[in-house]
Amino acid sequence: MEKRKKVTIPYLLEMKEKGELISFLTAYDYPTALIEDRAGIEMILVGDSAAMCLFGHRTTLPVTMDEMISITKGVTRATEYAFVVGDMPYMSYQSSHEEAIRNAGRFMGEAGVDAIKLEGGTRMAGVVKAIVNAGIPVMGHIGLTPQSYTQLGGFKSQGRDANTAMKLIDDALALEAAGAFSILLEAIPNEVGEIISERLDILTLGIGAGQACDGQLLIVHDLIGLFETFTPKFVKKYANVAAIMEQAFRDYRQDVRTRAFPQPEHYYPIPKDELAKLRDRLNKREE
Ligand code: KIV
């Protein structure tokens, strides 16, 4: 297969310029990232949604920096094409700029990502600036920011009245001014996504933010039907992998119980003369 050039920020900006839309998916493991990369997905997010999709927590908050680094290494080992973004977990960037730079640096140095993402608008602009000044590209994230779900009153769509929509626009402008190379817009009206996208020179990526963004993100477990706890309104399900897996596991169990598996094609052969020798030795030993 022809070796493709790795996606970079200038390449993504060129796509925006040409009006070519960016496909962005989460991945939390080597095999998934390998398939996404092969499929030509331009951007991969190692999201802290791993806390829910991978580790079974009820929110994104419990996943740790060490866990994120560990799973991200699998993703970056798999990717030769896609631009990989590491998602800063809860409390890895909020307490001080130093802590934020150190953890963003771990994502770059230890896990090999191309950029990091963090949640929050205007109030995070200082942190974004500090990380960017340390030479690390930052993606902002506004709208429904799951790490603040208690403040937001749950996993709810945002910006659905003039006041909150205006706040989102100001947040986006503040992140751009702080040096973010892109902003993720989550669960906001299409019109608000459009107004923000029109006003920014940097990339806008949407997850439940309508058509006007420069690219679209989905959580891969939602897209393939592997996360069954709940499905947000913005998800389009392209497969039902959970059903395929369940059927495969049921078929396997049935085959084991009926000895339909394994069959001779799964056996390791031993030459007939070696088997004869073995039986001969055993007989002698057991005489
Ligand atoms: O962690 C993640 O996958 C995310 C998306 C929900 C936007 O941040």
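Residues numbered from 1 in each chain as written. Predicted model: local features only at pLDDT ≥ 70, side-chain atom pairs only at ≥ 80, totals over all residues. Heavy atoms only, no water.

> Please clarify how the side chain of K117 should be interpreted in this entry.
Looking at where K117 falls in the secondary structure, it is placed in strand β4 (residues 115-117). Judged by its relative accessible area of 1%, K117 is buried. Side chain to side chain, K117 and D87 meet in a polar contact 3.0 Å long. With sequence-adjacent residues up to four places away left out, K117 is seen in contact with L45, V85, G86, D87, M88, M139, G140, H141 and L184. (Helix = DSSP H or I, 4+ residues; strand = E, 2+ residues; numbered from the N terminus. Buried < 20%, exposed > 50% of the residue type's maximum accessible area, 1.4 Å probe, protein only. Polar contact = N/O pair within 3.5 Å; in protein donor to acceptor, adjacent residues only side chain to side chain. Contact = heavy atoms within 4.5 Å.)

> It is not clear to me how the site of the ligand should be interpreted in this structure. Could you clarify?
Around the ligand, the surrounding shell holds 13 residues, and the nearest of these are G47, D48, S49, D87 and K117. In this structure, D87 approaches the ligand through a side-chain N or O atom, which is 3.1 Å from an oxygen atom. Contact distances for the ligand include 3.0 Å between an oxygen atom and a side-chain N or O atom of K117. Isolated, the ligand exposes 260 Å² of accessible area, and the fraction of that covered by the protein chains is 97%. Here the residues of the shell around the ligand are counted per class, giving five nonpolar, four polar and four charged. (Near = heavy atom within 4 Å. Areas by Shrake-Rupley, 256 points an atom, 1.4 Å probe, with all protein chains shown as cover. Nonpolar A, V, L, I, M, F, W, Y, C, P; charged D, E, K, R; others polar.)

> I would appreciate a short explanation of the side chain of S148 in the present structure.
Inspection of the secondary structure puts S148 in the loop between β5 (138-143) and α7 (149-152). Beyond its immediate chain neighbours, meaning those up to four positions away, S148 contacts E119 and R123.

> Whenever I open this one, the domain arrangement of the protein confuses me. Can you help?
When its domains are assigned, the protein resolves into domain 1 (9-239) and domain 2 (245-286). On a C-alpha basis, the centres of domain 1 and domain 2 stand 49 Å from each other. (Domains from an automatic or database assignment.)

> Please clarify how the pattern of salt bridges should be interpreted in this entry.
Note on pairing: side chains with opposite charge can pair once their charged atoms come close. Under the definition given, this model contains 13 salt bridges. R102 is paired through a salt bridge with E99; the nearest N and O atoms lie 3.6 Å apart. Taken as a pair, R102 and E99 lie in helix α5 (residues 97-109) at a separation of three residues, close to a single helical turn. In this structure, the salt-bridge partner of K284 is D280, at a minimum N-O distance of 3.2 Å. A residue pair is termed a helical-turn pair when its members lie 3 or 4 positions apart in one helix, as K284 and D280 do in helix α12 (residues 272-286) at four residues. Take K284: its relative accessible area is 54%, and that puts it in the exposed class. (Salt bridge = Lys/Arg side-chain N within 4 Å of Asp/Glu carboxyl O.)

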